[in-house]
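Residues per chain are reported as follows:
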Amino acid sequence: MNFHEVRFPASLSFGSVGGPERRTDIVTLSNGFEERNTPWAHSRRRYDAGLGMRSLDDIETLIAFFEARQGQMFGFRWKDWSDYKSCVATAEVDKGDQVIGQGDGTTTAFQLVKTYASGGVSYVRPIVKLALGTVKVGLEQDEAREGVDFDVDLSRGLIQFAVPPSEGVEITAGFEFDVPVRFDTDKIQVSVASFQAGDVPNVPVVEVRV
């Protein structure tokens, strides 16, 4: 996978606009009813990095980052300021934020996930790009120790326990994370005059599967 484990400058992504998108195929029947299906099990996020530019120095930083990624060639990490924690935005990360599995006495590796629930329906999103030093893991009421009880694969979002959790033990986790993305264009067009007049460049960014 052509991916660089480097984050787009968070200060520049702070002013960006974007979020999740879904793909839904809709067929209207002759009686007026609809049939709706989706080929996507997971949503895909899109952003506009250009809206975070506030100065010519920011533009220069953007161009350097774009050139180092060779346009669309290499993916990178993106901090989505509207959704980057296992908890709500105003709370602190806690070991009990998300249920990631249940021990069976054999399994040692668990994928980190974030669950979105509303109206009795939920969607479970796999989390693959973790922020360094933010992961907390709980075994029932006890907090596990990183480097002793478990290790973290920051690039794949995996928790690896040294000893398999006992059968029936609920495994929870709290964390901060990034979104794996790439530029959705092979060119950046910037006019200094128009930028100083308030016209920011269009720099689309799209989530990638890793």
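Up top you'll find the structure we're talking about.
The structure contained in this document is the topic of the report that follows. As the structure is a computational prediction, the values presented were derived from the model and not from experiment. (Residues numbered from 1 in each chain as written. Predicted model: local features only at pLDDT ≥ 70, side-chain atom pairs only at ≥ 80, totals over all residues. Heavy atoms only, no water.)

Turning to the layout of surface pockets, a few remarks are in order. Roughly 220 Å³ of volume is contained in the largest pocket. In terms of lining, the largest pocket is formed by 17 residues, of which the most central are Pro126, Val128, Pro180, Glu207 and Arg209. When contributions to the lining of the largest pocket are tallied by element, the ones reaching two or more residues are β10 (121–126) and β17 (177–183). For the lining of the largest pocket, the leading source of residues is β17, giving four residues. A breakdown of the residues in the lining of the largest pocket according to their chemical character gives nine nonpolar, two polar and six charged. (1 Å grid on protein atoms, 1.4 Å probe; cavity = no way out; pocket = protein on both sides within 12 Å on 5 of 7 lines; lining within 4 Å. Points joined across faces, edges and corners; volume = space filled by probe spheres on them. Helix = DSSP H or I, 4+ residues; strand = E, 2+ residues; numbered from the N terminus. Nonpolar A, V, L, I, M, F, W, Y, C, P; charged D, E, K, R; others polar.)

With that out of the way, let us pick up the side chain of Lys95. With respect to the helices, strands and loops of the structure, Lys95 is situated in the loop between β6 (75–78) and β7 (98–102). Of the buried charged residues, Lys95 lacks a salt bridge, with Asp94 as the closest side chain of opposite charge at 4.8 Å. Beyond its immediate sequence surroundings of up to four residues, Lys95 is in contact with Lys136, Val137, Gly138, Gln141, Asp142, Glu143, Thr172, Ala173 and Gly174. (Buried < 20%, exposed > 50% of the residue type's maximum accessible area, 1.4 Å probe, protein only. Lys, Arg positive; Asp, Glu negative; His and termini not counted. Salt bridge = Lys/Arg side-chain N within 4 Å of Asp/Glu carboxyl O. Contact = heavy atoms within 4.5 Å.)

As summarised here, the arrangement of the four strands in space is β7-β16-β12-β13, forming an open sheet in which the pairing is antiparallel. The open sheet is flanked by β7 and β13 (142–143), the only strands paired with a single partner. (Pairing = 2+ DSSP bridges.)

Relative to the elements of secondary structure, Arg54 occurs in the loop between β5 (44–48) and α2 (56–68). Setting aside residues no more than four positions away along its own chain, Arg54 makes contact with Ser11, Phe14, Gly15 and Phe195. Within the structure, Arg54 has its side chain in polar contact with the backbone oxygen of Ser11 (distance 3.1 Å). (Polar contact = N/O pair within 3.5 Å; in protein donor to acceptor, adjacent residues only side chain to side chain.)

Time to look at the sheet that holds strand β14 (residues 150–153). Pairing in this open sheet of three strands is antiparallel, and the strands run β8-β15-β14 from one edge to the other. Edge positions in the open sheet fall to β8 (109–111) and β14, since each of these has one partner strand only. For this sheet, the mean angle separating the axes of adjacent strands, direction not counted, is 20°. Across three bridges, β8 lies against strand β15 (residues 158–161) in antiparallel orientation. Along β15, the bridge assignment pairs Phe110 with Ile159. (Axes fitted to C-alpha atoms, helices over the stretch in contact; angles between N-to-C directions.)

Turning to the packing of aromatic side chains, a few remarks are in order. A full pass over the atoms with the stated rule returns 14 aromatic pairs. Centre to centre, the rings of Phe8 and Phe76 are 6.1 Å apart; their planes meet at 35°, and the pair counts as tilted. Residue Phe8 is found in the loop between β1 (3–7) and α1 (10–13), and its partner Phe76 is found in strand β6; the two are separated by 68 residues along the sequence. The exposure class assigned to Phe8 is buried, which follows from its relative accessible area of 0%. Take Phe76: its relative accessible area is 0%, and that puts it in the buried class. (Phe/Tyr/Trp six-rings, centres within 6.5 Å; stacked < 30°, edge-to-face > 60°.)

Structurally, Gln111 can be placed in strand β8. Assessed through its relative accessible area of 28%, Gln111 is described here as partly exposed. Gln111 has contacts with Ile100, Ile127, Val128, Arg156, Gly157 and Leu158, leaving out every residue within four places of it along the chain. From its side chain, Gln111 meets the backbone oxygen of Ile127 in a polar contact 2.7 Å long. One polar contact links the side chain of Gln111 to the main-chain carbonyl oxygen of Gly157, over a distance of 3.1 Å.

Bringing the pattern of salt bridges into the picture now. This model, assessed by the stated rule, comprises 15 salt bridges. A salt bridge links Glu21 to Arg46, with the nearest nitrogen and oxygen atoms 2.9 Å apart. Here Glu21, found in strand β2 (residues 17–21), pairs with Arg46, found in strand β5; they are 25 residues apart in sequence, far enough to count as distant. The salt bridge involving Arg145 is made with Asp149; its shortest N-O contact spans 3.3 Å.

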